[in-house]
Amino acid sequence: MTWSAIRIAADVRSGARRALDVLEEARSRIRARDPLLNCFRAVDWSRAEREATAIDTQRAHGLPLPALAGVPYAVKDLFDIAGQVNRAGGIVNDGNAAAPSDAFVVARLQAAGAVLLGTLNMDEHAYGFTTENTHTGATRNPHDPRCVAGGSSGGSAAAVASGMVPLALGTDTNGSIRVPASLCGVFGLKPTYGRLSRSGVFPFAHSLDHVGPFAASVDDLAAAYDTLQGPDGADPACAQRPVEAVGAAPALPAGVRVAVLGGWFTEWADDAAREAVRRVGDSLGAQQTVLWPLAQGARSAAFVITGAEGGALHRPRLRTNYAQFEPLSRDRLIAGSLIPADWVVQAQRLRRAAYAQILQLLGEVDLLLAPATPVCAPRIGSDDILINGRSIAARASLGMLTQPISCVGLPVCTVPVWPGEDTDSGLAAPGAQAPAMPIGVQLVAAPWREDLCLAAAAHLERCGICAVRTPTAETGSSVAPTRR
Amino acid sequence: MPNGDVRIQAYVRAALALQGYALDEAQAGAVAEQFARVALIAGTFVDEPLPPGADPLPVFRP
């Protein structure tokens with residue numbers, strides 16, 4: 001079953017459980033579930049035991065415990081961990097120097113008492129939407145292990161969905177938090193660009209990279225987000241803003257104006273994705289569908305900027321170590337390094353225009369809704385996905401509904417919906433031929449309004465429209481999940 | 001700019017040489033295929049007229 005970070009921390013603070021006992025349960029869960037799902041790259045039990053012991057010692061001495069005391073968590077394999085090589089999902093980085101210190105956000109979690117277990121599988125260098133890593137294997141979807149977990153933070157989403165950890169960190173350049181959150185059925189937050197520091201995080205495309213948390217409940221997500229906030233001068237893009245804590249059970253303001261994004265976001269969404277948005281829209285009182293005419297342009301701009309920035313970043317070693325790079329993405333990276341400068345400049349200018357256009361929309365409404373992925377999780381190894389009768393490349397296209405929004409840096413909370421289930425019973429719809437699978441809906445707000453995204457997510461969770469379900473796929477069978 | 005377009009093939013091979021890559025023919029062909037996809041997407045906006053105020057943003061700050 002999934003885990004609650006808030007509950008664990010409360011138990012540890014009260015003395016109902018020791019942090020070391022929680023860690024032992026995490027060890028048991030990982031040993032039982034990870035051999036099938038392949039979420040973890042590495043687990044550092046020594047460090048985890050040190051951190052858990054420190055928490056238990058603090059309590060034994062009567063000292064106050066921090067907010068996430070004893071909460072186990074893990075991070076995508078591109079966050080610096082002191083003394084370890086940051087591999088960013090690639091064997092080409094095996095010879096790199098060990099990180100001298102923890103990434104800024106890892107240090108924040110440690111200061112909050114959380115216990116780091118290890119690193120999680122990903123698409124190499126975060127360039128992919130499926131977590132089918134040739135060198136480390138595919139991460140499997142906890143709700144149907146024949147299917148992908150999404151990517152590039154697939155290990156993070158699947159580890160939370162399968163209950164191995166209550167919290168995980170990922171990164172999102174074009175959708176790498178929102179896509180796996182959607183396909184694995186967990187909550188994921190991509191904050192405003194610049195909200196969270198990326199110091200000590202292996203970069204992909206600097207002008208698009210974000211970090212953010214995954215969790216099995218909105219309260220856990222908000223607790224992690226509040227912990228991760230804070231200015232950091234070491235990341236030039238990190239906003240020098242004070243912490244704007246959301247807190248537990250954020251309430252949705254009265255009179256909040258909600259609209260569904262149409263056009264691009266409807267054309268490239270199948271029936272399940274549209275049904276998920278309909279349910280969320282009904283619950284939030286969405287009154288209208290609005291168009292963002294430059295959505296496709298923003299997606300195209302993100303594609304070109306990502307290719308150029310990522311290609312430039314890796315070009316030196318692509319020239320010398322081509323064979324060590326991920327076969328599924330190395331040719332895309334090289335192609336990116338060949339993009340003409342005027343295409344990139346035009347993409348950046350288009351980005352400005354697209355941003356101005358969506359800000360105008362967000363002056364008229366408070367929240368915009370869109371599917372997070374065009375479809376539910378495709379099978380591992382799928383080259384193509386079918387969207388409304390059109391076959392397109394799976395690995396490049398699962399993020400086509402997330403890319404426009406990250407291109408303009410807006411905050412998004414992805415919430416899990418189960419469109420294949422009957423709303424009232426929580427069971428697979430009558431006549432369903434396949435297990436119900438989750439799909440995410442993006443709750444998009446104006447810059448710096450993560451509080452609104454999380455308040456809407458909390459409302460949906462309270463109403464039962466969105467929920468993280470316990471997978472029953474530990475043995476590889478696929479069974480319709482049941483309501484928690 | 002469809003895959004296999006002779007301009008794409010020529011551009012990719014020239015740019016690979018300029019950037020210092022030493023790929024074999026199959027590898028260069030695979031890069032050209034990916035570049036054709038980028039070109040197809042870029043082709044939707046590279047000639048789009050934009051207002052003068054739409055200045056580029058090297059580091060994006062919303």
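For the structure, see preceding data.
Just so we're clear, the structure is a prediction, and the values are computed from it rather than from any experiment.

S.K.: Which residues make up the overall build of chain B, and what are the values?
M.R.: Secondary structure assignment for chain B yields two helices and zero strands. Within the span of chain B, comprising 62 residues, buried residues form 35% of the whole.

S.K.: So what's going on with the interface of chain A and chain B? Residues and values would help.
M.R.: On the side of chain B, 36 residues touch chain A, which itself brings 41 residues to the contact. Between chain A and chain B, the buried area comes to about 3,400 Å², and carbon and sulfur atoms account for 69% of it. Applying the counting rule to chain A against chain B returns one salt bridge. Of all the secondary structure elements, the ones that give two or more residues to the side of chain A that touches chain B are α10 (295-320), α11 (330-337) and α12 (341-364) of chain A. Across the side of chain A that touches chain B, the residue classes tally to 25 nonpolar, eight polar and eight charged.

S.K.: Now, about empty space enclosed by the protein: what can you tell me, with residues and values included?
M.R.: Residue and element names in this part refer to chain A. Counting across every chain of the model gives eight cavities of 30 Å³ or more. The space that makes up the largest cavity amounts to roughly 140 Å³. Taken together, 13 residues make up the lining of the largest cavity; nearest its centre are Tyr127, Phe129, Asn174, Arg332 and Gln403. Of the residues assigned to the lining of the largest cavity, the class counts are six nonpolar, five polar and two charged.

S.K.: With reference to specific residues and values, describe the side chain of threonine 227 of chain A.
M.R.: Residue and element names in this part refer to chain A. Here threonine 227 lies in helix α7 (residues 218-228). Relative accessible area serves as the criterion here: at 12%, threonine 227 is assigned to the buried category. Discounting residues that sit within four places of it in the chain, threonine 227 has contacts with Leu68, Arg108, Leu109 and Ala112.

S.K.: Summarise the packing of α10 of chain A against α11 of chain A; cite the residues concerned and give the values.
M.R.: Residues and elements named next belong to chain A. For the pair α10 and α11, the least separation of the axes is 7 Å and the interaxial angle reads 105 degrees. Between α10 and α11, the angle is such that the two are roughly perpendicular. Packed against α10, whose contacting residues are Gly307, Ala308, Gly310, Gly311, Ala312, His314, Arg315 and Leu318, the element α11 presents Arg330, Leu333, Ile334, Gly336 and Ser337 at the interface. Counted by class, the contact of α10 with α11 contains five nonpolar, six polar and two charged residues.

S.K.: Go over the sheet that holds strand β10 (residues 210-215) of chain A, please, and point to the residues and values.
M.R.: Adjacent strands of a sheet pair through backbone hydrogen bonds, lying either parallel or antiparallel. All names here are of chain A. Taken in spatial order, the eleven strands of this open sheet run β1-β3-β2-β8-β10-β9-β16-β17-β13-β11-β12, and their pairing is mixed. The two strands at the open ends of the sheet, each matched to only one other strand, are β1 (40-43) and β12 (288-290). Each strand of the sheet is rotated relative to its neighbour by a mean of 30 degrees, with strand direction disregarded. Here four bridges tie strand β13 (residues 367-371) to strand β17 (residues 439-444), and the two strands are oriented antiparallel to one another. Note on β17: the bridge partner recorded for leucine 369 is leucine 443. Contacting β2 (72-76), β3 (115-120), β8 (167-172) and β10, helix α4 (residues 104-111) crosses the sheet at an angle of about 180 degrees to β2. Along the sheet, helix α5 (residues 154-161) contacts β2, β3, β8 and β10; its crossing angle with β8, the most-contacted strand, is approximately 155 degrees.

S.K.: Hey, could you go over the packing of aromatic side chains for me, with residue numbers and the actual values?
M.R.: All names here are of chain A. By the definition in use, this model includes five aromatic pairs over all chains. Sitting above the plane of the tryptophan 45 ring, arginine 27 keeps its charged end 4.4 Å from the centroid. The ring of tryptophan 448 is capped by arginine 241, whose NZ or CZ atom sits 4.3 Å from the centre of that ring.

S.K.: Can you break down the state of the cysteines residue by residue, with the values?
M.R.: Residue and element names in this part refer to chain A. Applying the stated criterion across every chain, the model contains zero disulfides over all chains. The thiol sulfur of cysteine 413 is not disulfide-bonded, and the nearest other cysteine sulfur, from cysteine 453, lies at 6.6 Å. The exposure class assigned to cysteine 413 is buried, which follows from its relative accessible area of 0%.

S.K.: Account for the pairing of strand β14 (residues 384-387) of chain A, naming residues and giving values.
M.R.: All names here are of chain A. Only one face of β14 is buried, namely the one carrying Ile385 and Ile387, since none of Asp384 and Leu386 on the opposite face is buried. Inspection of the sheet shows β14 paired to strand β15 (residues 390-393) by four bridges, in the antiparallel sense. Bridging across to β15, leucine 386 finds its partner in serine 391. Between β14 and the antiparallel strand that follows it, β15, lie two residues; asparagine 388 among them carries a positive phi value of about 50 degrees.

S.K.: So what's going on with the pattern of salt bridges? Residues and values would help.
M.R.: Residues and elements named next belong to chain A. One pass over the structure, following the stated rule, counts 26 salt bridges over all chains. Among the ionic pairs, arginine 274 bridges to aspartate 271, the shortest N-O distance being 2.7 Å. Of this pair, arginine 274 and aspartate 271 both sit in helix α9 (residues 271-284), three residues apart, roughly one helical turn. When the shortest N-O distance is used, the salt bridge between glutamate 275 and arginine 279 registers 2.8 Å. Here glutamate 275 and its partner arginine 279 are both found in helix α9, four residues apart, which amounts to about one turn of the helix. Each of Arg195, Arg241, Glu244 and Glu450 takes part in one network of salt bridges that share partners.

Calculation rules
Throughout, a residue's number is its position along its own chain's written sequence, starting from 1. Here chains are named by letter from A upward and ligands by number from 1 upward, in the order in which they appear as written. This being a predicted model, a pLDDT of at least 70 is required before a residue's local features are given, and a value of 80 or more before pairs of side-chain atoms are given or counted; all residues contribute to the totals for chains, interfaces and linings. By convention in this description, side-chain values take in all heavy atoms of the structure and omit both hydrogens and water. Secondary structure elements are defined from DSSP: runs of H or I of at least 4 residues count as helices, runs of E of at least 2 residues count as strands, and each element is numbered from the N terminus. Relative accessibility decides the category of a residue: with a 1.4 Å probe and only protein chains considered, values under 20% of the type maximum give buried, values over 50% give exposed, and everything between is partly exposed. Two residues form a contact once any of their heavy atoms are found within 4.5 Å. Each of two parts loses accessible area, computed with a 1.4 Å probe, when they are put together; buried area is these two losses added. Definition used for salt bridges: Asp or Glu carboxyl oxygen within 4 Å of a side-chain nitrogen of Lys or Arg. Think of it as three bins: nonpolar holds Ala, Val, Leu, Ile, Met, Phe, Trp, Tyr, Cys and Pro, charged holds Asp, Glu, Lys and Arg, and polar takes everything else, Gly as well. Definitions used throughout: a 1 Å grid over protein atoms alone; a cavity as a set of points that fits a 1.4 Å probe which cannot get out; a pocket as an open set with protein on both sides within 12 Å along at least five of seven lines; a lining residue as one with an atom within 4 Å of a point. Grid points are joined across faces, edges and corners, and a volume is the space filled by probe spheres set on the points. All axes are obtained by fitting lines to C-alpha atoms, using only the stretch in contact for helices, and the reported angles, taken between N-to-C directions, cover 0 to 180 degrees. Relative orientations are named as follows: roughly parallel for angles under 35 degrees, roughly antiparallel for angles over 145 degrees, roughly perpendicular for angles from 65 to 115 degrees, and oblique for any other angle. Two strands form a pair only when DSSP identifies at least two bridges running between them. Stacked, edge-to-face and tilted are the three classes for Phe, Tyr and Trp ring pairs, Trp counted by its six-membered ring, which pair at centre distances within 6.5 Å; planes under 30 degrees apart are stacked, over 60 edge-to-face, the rest tilted. Either the NZ atom of lysine or the CZ atom of arginine qualifies as a charge over a ring when it sits within 6 Å of the ring centre and within 35 degrees of the ring normal. Counting rule for disulfides: a pair of cysteine sulfur atoms within 2.5 Å.

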